[in-house]
Amino acid sequence: MLTYTGLLTLGKTFYESVREFDDDPDYFQNALGVAREIPSAETIRQWMDDIGDSLRSNLLDANVDMFVMCMVR
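Residues numbered from 1 in each chain as written. Predicted model: local features only at pLDDT ≥ 70, side-chain atom pairs only at ≥ 80, totals over all residues. Heavy atoms only, no water.

> So what exactly am I meant to see when it comes to the overall build of the protein here?
Within the protein, the regular secondary structure consists of three helices and zero strands. A compact globule built from 73 residues should have a C-alpha radius of gyration of about 11 Å, whereas the protein, at 17 Å, is more than 25% larger. Along the first, second and third principal axes, the C-alpha set of the protein runs to 55 × 20 × 20 Å. In the protein, which comprises 73 residues, the share counted as buried stands at 21%. For the protein, the proportion of contacts with a sequence separation of at least 24, taken over those separated by at least 6, is 46%. Total accessible area on the protein stands at roughly 5800 Å², and carbon and sulfur atoms take up 57% of it. In the protein, the 6 positive side-chain charges and the 13 negative ones have mean positions that sit 7 Å from each other. (Helix = DSSP H or I, 4+ residues; strand = E, 2+ residues; numbered from the N terminus. Rg over C-alpha atoms; globule rule 2.2 N^0.38 Å. Buried < 20%, exposed > 50% of the residue type's maximum accessible area, 1.4 Å probe, protein only. Contact = heavy atoms within 4.5 Å. Areas by Shrake-Rupley, 256 points an atom, 1.4 Å probe, with all protein chains shown as cover. Lys, Arg positive; Asp, Glu negative; His and termini not counted. Charge placed at Lys NZ, Arg CZ, Asp CG, Glu CD.)

What follows is the structure in structure tokens.
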């Protein structure tokens, strides 16, 4: 999560942007406080997909709740 957050703070929204840090991974790790190696673009994509899948039902329920609350008013 830290790696993707770091990419976003740099204005980079594509997972593939992480490859730009292959030349100097130590700098990126130190700047973000990442203790492990910088993950690949494919790994980040998979993690984000898994997070999205696990939260999907919660998000859909929250959308319904907001819609119902707006209709009641």
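> I keep staring at helix 3 (residues 41-72) and nothing clicks. Help me out?
Because an α-helix packs 3.6 residues into every turn, residues spaced three or four apart end up facing the same way. A rise of 1.5 Å per residue sets the reference length of helix 3, with its 32 residues, at 46 Å; its end C-alpha atoms lie 44 Å apart and thus fit the reference within 8%. By the largest-angle criterion, Leu-55 marks the main kink of helix 3, which is about 45 degrees. (Expected span 1.5 Å × (residues − 1). Bend = angle between axes of the 7 residues up to and from the residue.)

> What should I look at first to understand the packing of aromatic side chains in this one?
Any two aromatic rings considered together are summarised by their centre-to-centre distance and by the angle between their planes. Taken as a whole and assessed by the stated rule, the structure comprises two aromatic pairs. Both rings, one in Phe-21 and one in Phe-28, keep their centres 4.0 Å apart while their planes meet at 20 degrees; by these two values the pair is stacked. By relative accessible area, which is 3% here, Phe-28 ends up buried. (Phe/Tyr/Trp six-rings, centres within 6.5 Å; stacked < 30°, edge-to-face > 60°.)

> Is there a simple way to explain the pattern of salt bridges in this structure?
Where charged atoms of side chains with opposite charge meet at close range, the side chains can pair. Applying the stated criterion to the full structure yields three salt bridges. Between Glu-16 and Arg-45 there is a salt bridge, with the nearest N and O atoms lying 2.4 Å from each other. Note that Glu-16 is positioned in the loop between helix 1 (2-9) and helix 2 (25-32) and Arg-45 in helix 3, a separation of 29 residues in sequence. According to the relative accessible area criterion, Glu-16 is partly exposed, its value standing at 34%. (Salt bridge = Lys/Arg side-chain N within 4 Å of Asp/Glu carboxyl O.)

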